[in-house]
Protein chains: 2
Amino acid sequence: MTALRSLTLGDVAREHRRSRPDLLAVVDGDIRYNHRTLDERTTRLANALAARGINRGDRIIWYGQNSAHLLELIVAGSKIGAVTVPLNWREHVAALTTAVREAEPRLVVWQQEEIGESVAKVRADIGDGPLWLRHDAPEYEEFLLSGSLDDTEEPFGGEDAVLAIYVANPQDGPNAALLSHLAVLIECLAIGRVNEMSDETVFLNSGPMFHLGTLVSTLATFHHGGTNVFVRRVEPELLCQVIEAEQCNRAFLTPPTVAAMREVVASRPFDLGSLWPGLNPDEWHSVTPSLNPTSGRSGSYGQSEVMGLATFGGLGRVPLSPFGRPLPTVSLRVFDPNGRECEIGEVGELVFRGPTVTTGFLNRPDLDLSRQPDGWHHTGDLGVREEDGSVRFVAPMGRLIKSASENIHPVEVERCLQQHEAIADVCVIGCPDVHWGQVVKALVVLESGAGIGLDELADFARARIASYKKPRLLQIVDSVPRLANGQLDRAAADELGGGGGYPGEHSGSARHVAKRSS
Amino acid sequence: MTALRSLTLGDVAREHRRSRPDLLAVVDGDIRYNHRTLDERTTRLANALAARGINRGDRIIWYGQNSAHLLELIVAGSKIGAVTVPLNWREHVAALTTAVREAEPRLVVWQQEEIGESVAKVRADIGDGPLWLRHDAPEYEEFLLSGSLDDTEEPFGGEDAVLAIYVANPQDGPNAALLSHLAVLIECLAIGRVNEMSDETVFLNSGPMFHLGTLVSTLATFHHGGTNVFVRRVEPELLCQVIEAEQCNRAFLTPPTVAAMREVVASRPFDLGSLWPGLNPDEWHSVTPSLNPTSGRSGSYGQSEVMGLATFGGLGRVPLSPFGRPLPTVSLRVFDPNGRECEIGEVGELVFRGPTVTTGFLNRPDLDLSRQPDGWHHTGDLGVREEDGSVRFVAPMGRLIKSASENIHPVEVERCLQQHEAIADVCVIGCPDVHWGQVVKALVVLESGAGIGLDELADFARARIASYKKPRLLQIVDSVPRLANGQLDRAAADELGGGGGYPGEHSGSARHVAKRSS
């Protein structure tokens, strides 16, 4: 990417400094900067980082909660080509230690308040290879102000990474998706359309910024010249106070948070009328009546590896699937396990192509190969095209059963069998078989008073999905094993029903898959 | 650009075929295709082109009026990496002949109806080096259907050109700005926000598609999955009929067209209530009252060389300048003639950086150098930053006066002097001078009964602009020479006032500048 045609977050800061210098860029407790100051501070910070030898491609870890300093760090990093890696501070110390070690950062920006104890443990393990800079202490301002105001405007951009976001994938160990300058630019433009952004947008960072669900809106608000308001944690009364005080019109609010805010508002009135209902209009209408009308449709699908939001149900023709259709930033296909495109209605893996797709995983070339083997980014999620072309997310792929040469997703078979009126619950496993390699077995919990035989079960399945996916074994059980979070406990199910012999289980060559995580 | 991260118009067609196959993509008289058919036809056309040896980087000229076939051609071209060049069919035959010759096309798609005579003249000169394909005859369908339905999905994208648009620049001879796949993608996303597009958009192509003013909306409508409705020419009654029949909600309508439609509607009622007022709400309200509210602000600046629209006044904080602020797709600066950034309020050249900037001029490396000498694209237009950061377009740069080593824009001095109460009209020229090279001379038309001397004039200027820009010569005239279109006739003014010796006039090294042309 030549300087002539690059547009990084650093360039955006430089432009805002000229286009809207006096407009408020960040609010974080007592911190209030306009765009002129944000550009100056990020130039200083970039120069301070460069003076410590931090250069293009170097990683900078953010080990703190939500803060204006994180936005500052990302923009400063983009001015020197560095990659900012926000850690999930809620993770276990052991996982965080591994993540920090594998990221090989030059700098860790950390926070004492609330999480200082865990930081200390990680630091004790990692040592002082990287520079450690505390952001909630005077040393942060000293560090920043040590950088000069001279903006050299070195060109970065294109497919160079500017962010690395850890994706939730316990199977694969810590892995962070590298996201490019171009991916950020394009996603910010798309989010600007979805959330109707402009420089009048005032976004409350009320979700964790280590997830793109919030961070993409932070960046899009910045990109469109609006105001980012930060809170360290999601506390319902504080959120109400801040929305009222700053007249926030966008926020990241999950249904439980909205419910908690509803209780706050019931006991003490706040004027929250500035808020646009965004992606949760129905929830939000119960908190404040003075909202703009929206479609009331808010379904979406995404994952960090494709820069967050990738399908959306709230714009355009009403889709059959609430997940909607792909954003105009991506190509989406549904692939069978052989990489052939599925028919309409046939469940397969969701795969993406486009400029928002991750350029790879931080220090994980194995994942680059396994997740992007064929010119498509494999999400590790199952989905299906509806008749009208909209896309339904079905479930994380989890595991595959291999019967003869056929690949069978247990979740697809389960989804089918659950429709049978005699079946209350079901878990599908693969059992080792001399002839077939594995055969499909259904562990079935019957509805009270109901009964079903294998033939009927197989017929039911064959009428709805490919014949080779039908159960060849049936075991009636009192309950199927589930984890504390309600998900099927497939290991326990295997133990209960004699499952095993899954592809790759012995050879180690199975493609690991990631859970949806945006 | 790898296949994994590319997103071309061809990819967009492939995605729509899956996401919204049955949605109407194009309407053009009797032609009505959905997105499935558009993808199939563009694959066939791409294969038919490839079979004739048309490959990546080859030029295809469109020598016709507005048509669904032009959109088809652009999308098909993007599937094989070819560059579509829409000609301005209104131009003189001589200019068109030069343009066709210099573009060195492999194919000219042409039209018999209404313009067949001029095509024949151009073809007589050019000969049959390129293939000539008539699009308003059965041979077009035969050609298209000769291509196979097999979509090989060869990867193109990134900074490869997909379009070349002729810019209006009589000084420089024919020159077409090359616009990349990435520029198209990013501009389409930005236009989607500005015009609130989705797959419910129904855009009436009611401006000439050889200008980006219309063509960018064509492409953005397509990109967002909407419906493009084509009319061959801008005929007010036809526009009313088509809007009513197709329920168009977007259109490209200039004030004269709106005025003409108003007359049509006065004599025969049409239901035009589907239309969104777009960029001309005030004009439009007078035609139909049933419109959505908009900001009523619609100023903008752009040029073909930056993919059309580049600043916009209709979103976000109300700007001091009606031209608004840069879109979130570009960096904009105002440069003095030495390439230094101007202060607020100081007039200079508008320069741009970003992914929508032209990758160069078709077969004109001289222009690449002169228009993009320093990592910025020079528009050849004068502008100024207002106090609030918004940007005002002032005038095409036209010519420079060189006095000592200083560069002086006559238009800036004129803009200043026009504020003097004694001055009714003014034209500023440069006069040859042994000592200074040139000196600034003002040709002044006085207000009735008023008078002014050189000292007062110079003092007035010095108080407002740089001292070296003040007039050193004054000539009172009855009128300043103007062209038929009302613009200053600078050649006649030089003759009247003894002007000459402009930089480059003898050496031939002056940087030629292009007029605003989007």
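Residues numbered from 1 in each chain as written. Chains lettered and ligands numbered in written order. Predicted model: local features only at pLDDT ≥ 70, side-chain atom pairs only at ≥ 80, totals over all residues. Heavy atoms only, no water.

Trainee: It is not clear to me how the overall build of chain A should be interpreted in this structure. Could you clarify?
Mentor: What chain A contains, in helices and strands, is 15 helices and 24 strands. A compact globule built from 518 residues would reach a C-alpha radius of gyration of about 24 Å, and chain A, at 25 Å, matches this within 12%. The principal-axis extent of the C-alpha atoms belonging to chain A is close to 75 × 50 × 45 Å. Across chain A, every contact between residues at least 6 apart in sequence was considered, and the portion connecting residues at least 24 apart equals 67%. As presented, chain A carries roughly 19,300 Å² of accessible surface, and 48% of it is formed by carbon and sulfur atoms. The distance from the centre of the 49 positive side-chain charges to the centre of the 68 negative ones in chain A is 3 Å. (Helix = DSSP H or I, 4+ residues; strand = E, 2+ residues; numbered from the N terminus. Rg over C-alpha atoms; globule rule 2.2 N^0.38 Å. Contact = heavy atoms within 4.5 Å. Areas by Shrake-Rupley, 256 points an atom, 1.4 Å probe, with all protein chains shown as cover. Lys, Arg positive; Asp, Glu negative; His and termini not counted. Charge placed at Lys NZ, Arg CZ, Asp CG, Glu CD.)

Trainee: Explanation requested: helix α7 (residues 181-194) of chain B in the structure shown.
Mentor: In an α-helix, one full turn covers 3.6 residues, which means residues spaced three or four apart are oriented alike. The end-to-end C-alpha separation of α7(B) is 20 Å, in line with the 20 Å expected for 14 residues at 1.5 Å each. Backbone geometry just downstream of α7(B) places B:E196 in the positive-phi region, at approximately 50°. (Expected span 1.5 Å × (residues − 1).)

Trainee: So what exactly am I meant to see when it comes to the interface of chain A and chain B here?
Mentor: Note: interface size is frequently given as the accessible area lost on complex formation between the parts. Facing 55 residues of chain A, the contacting portion of chain B comprises 55 residues. Of the roughly 4,800 Å² buried at the junction of chain A and chain B (both faces included), carbon and sulfur atoms supply 50%. It is A:L4, A:R5 and A:R193 in chain A that bury the most area against chain B; as a group they hold 16% of the surface buried on that side. On the surface where chain A and chain B come into contact, there are 14 salt bridges. For B:R5, the salt bridge is made with A:E159, and the minimal N-O distance between the two is 3.2 Å. At the boundary of chain A with chain B, the tally comes to 32 residue pairs in polar contact (both at pLDDT 80 or more). Of all elements in the fold, only α1 (9-19), α7 (181-194), β14 (325-326), β15 (331-335), β16 (348-353) and β18 (377-385) of chain A reach the threshold of two or more residues within the side of chain A that touches chain B. Here the side of chain A that touches chain B takes six residues from α7(A), the largest share from any one element. (Buried area = accessible area lost by both parts, 1.4 Å probe. Salt bridge = Lys/Arg side-chain N within 4 Å of Asp/Glu carboxyl O. Polar contact = N/O pair within 3.5 Å; in protein donor to acceptor, adjacent residues only side chain to side chain.)

Trainee: Please explain the packing of aromatic side chains as it appears in this structure.
Mentor: For any pair of aromatic rings, geometry is given as the distance between the ring centres together with the angle between the planes. On inspection of all chains with the given rule, the structure shows eight aromatic pairs over all chains. Look at B:F323 and B:F393: their rings are 5.9 Å apart centre to centre, the planes differ by 70°, and that puts the pair in the edge-to-face class. Taken together, the residues span a long stretch of sequence, with B:F323 in the loop between β13 (308-312) and β14 (325-326) and B:F393 in strand β19 (residues 391-396) at a distance of 70 residues. With relative accessibility at 18%, the residue B:F323 sits in the buried group. Taken together, the ring pairs in this structure connect A:Y301, A:F323, A:F352 and A:F393 into an aromatic cluster. Directly above the aromatic system of A:F460 lies the positively charged group of A:R464, at a separation of 3.6 Å from the ring centroid. Above the face of the A:W436 ring, A:R472 is positioned so that its terminal group lies 4.6 Å from the ring centre. (Phe/Tyr/Trp six-rings, centres within 6.5 Å; stacked < 30°, edge-to-face > 60°. Buried < 20%, exposed > 50% of the residue type's maximum accessible area, 1.4 Å probe, protein only. Lys NZ or Arg CZ within 6 Å of the ring centre and 35° of its normal.)

Trainee: When you look at the sheet that holds strand β2 (residues 31-34) of chain A in this model, what are you seeing that I'm missing?
Mentor: Within a sheet, adjacent strands bond to each other through the backbone by hydrogen bonds, running parallel or antiparallel. Residue and element names in this part refer to chain A. Strand order in this open sheet of five strands is β2-β1-β10-β9-β11, and the pairing throughout is mixed. The two strands at the open ends of the sheet, each matched to only one other strand, are β2 and β11 (250-251). Here strand β9 (residues 202-205) pairs with strand β10 (residues 227-230) via four bridges, running parallel. Bridge pairing links N205 to F230 in β10. In the packing of helix α2 (residues 35-51) onto the sheet, the strands contacted are β1 (24-28) and β2, and the crossing angle to β2 comes to about 95°. (Pairing = 2+ DSSP bridges. Axes fitted to C-alpha atoms, helices over the stretch in contact; angles between N-to-C directions.)

Trainee: It is not clear to me how the pairing of strand β19 (residues 391-396) of chain A should be interpreted in this structure. Could you clarify?
Mentor: As a general feature of sheets, a regular strand has side chains that alternate between the two faces. Residue and element names in this part refer to chain A. Two strands pair when backbone bridges link them, and β18 and β19 are joined in this way by five bridges, in the antiparallel orientation. Across the sheet, V384 pairs through a bridge with R392, a residue of β19. Linking β18 to β19, which pair antiparallel, is a turn of five residues; within it G389 sits at a positive phi near 90°.

Trainee: It is not clear to me how the sheet that holds strand β22 (residues 423-433) of chain A should be interpreted in this structure. Could you clarify?
Mentor: All names here are of chain A. On the basis of which strands lie adjacent, the open sheet formed by three strands has the order β22-β23-β24 and mixed pairing. Because the sheet does not close on itself, it has two edges, and the strands there are β22 and β24 (473-476). Across this sheet, the average inter-strand angle for adjacent strands is 25°, counted without regard to direction. Helix-sheet contacts for helix α13 (residues 410-417) involve β22 and β23 (437-446), and the interaxial angle to β22 is about 145°. The strands touched by helix α15 (residues 490-497) within the sheet are β22, β23 and β24, with β22 carrying the most contacts at an inclination of about 70°.

Trainee: It is not clear to me how the side chain of B:S390 should be interpreted in this structure. Could you clarify?
Mentor: Looking at the element boundaries, B:S390 is found in the loop between β18 (377-385) and β19. For B:S390, a relative accessible area of 0% puts it in the buried group. Looking at B:S390, its side chain comes within polar contact range of the main-chain nitrogen of B:S321, at 3.0 Å. Not counting residues up to four positions away in its chain, the partners in contact with B:S390 are A:S19, B:P319, B:L320, B:S321, B:G324, B:R325, B:V384 and B:R385.

Trainee: What is the right way to look at the relation of the copies chain A and chain B in this model?
Mentor: It takes a turn of 180° to lay chain A on chain B, together with a shift of 0.1 Å along the axis; the resulting RMSD is 0.3 Å. The operation mapping one copy onto its partner corresponds to a two-fold rotation axis. Looking at the rotation axis and the C-alpha trace of chain A, the residue lying nearest is A:R193, at 2.4 Å. Most of the interface of chain A is mirrored in chain B, where 100% of its interface residues again form contacts. (Least-squares fit on C-alpha atoms with pLDDT ≥ 70 in both.)

Trainee: Quick question: what am I supposed to make of the pattern of salt bridges here?
Mentor: Close approach of charged atoms allows side chains of opposite charge to pair. Per the stated rule, a full pass over the model turns up 72 salt bridges over all chains. Where salt bridges share partners, they join A:D11, A:R14, A:R17, A:D39, A:E40, A:K79, A:D151, A:E153, B:R333 and B:R353 into one cluster.

Trainee: Just checking my understanding: could you explain the pairing of β24(A) for this structure?
Mentor: All names here are of chain A. Relative to β24, β23 is paired through four bridges, and the arrangement is parallel. Looking at the pairing, A442 lines up with L474 of β24. For the handedness criterion, the β-α-β arrangement of β23, helix α14 (residues 454-462) and β24 is classed as right-handed. (Right-handed = clockwise from strand over helix to strand, strands pointing away.)

Trainee: Looking at this model, I keep getting lost on the packing of helix α9 (residues 236-246) of chain B against helix α10 (residues 255-267) of chain B. Mind explaining?
Mentor: Relative orientation and spacing of two packed helices are given, respectively, by the angle between their axes and the distance between those axes. Residue and element names in this part refer to chain B. For the pair α9 and α10, interaxial distance at closest approach is 8 Å and the crossing angle is 75°. Between α9 and α10, the angle falls in the class roughly perpendicular. Here P236, E237, L239, C240 and I243 of α9 lie close against α10, whose contacting residues are T257, A260, M261, V264 and V265. Classifying every residue of the contact of α9 with α10 by side-chain character gives eight nonpolar, one polar and one charged. (Parallel < 35°, antiparallel > 145°, perpendicular 65-115°, else oblique. Nonpolar A, V, L, I, M, F, W, Y, C, P; charged D, E, K, R; others polar.)

Trainee: Is there a simple way to explain helix α5 (residues 116-126) of chain B in this structure?
Mentor: Residue and element names in this part refer to chain B. Turning to α5, its buried residues are G116, S118, V119 and V122. End-on, the buried residues of α5 take up no more than an arc of 160°, which puts them together on one face. In α5, the exposed positions angled more than 90 degrees off the buried face are occupied by E117, A124 and D125. Residues of α5 that are buried in the fold lie against β3 (59-63), α4 (93-103), β5 (107-110) and β6 (131-134). At the C-terminal side of α5, G127 shows a positive phi close to 85°. (Arc of directions from axis to C-beta.)

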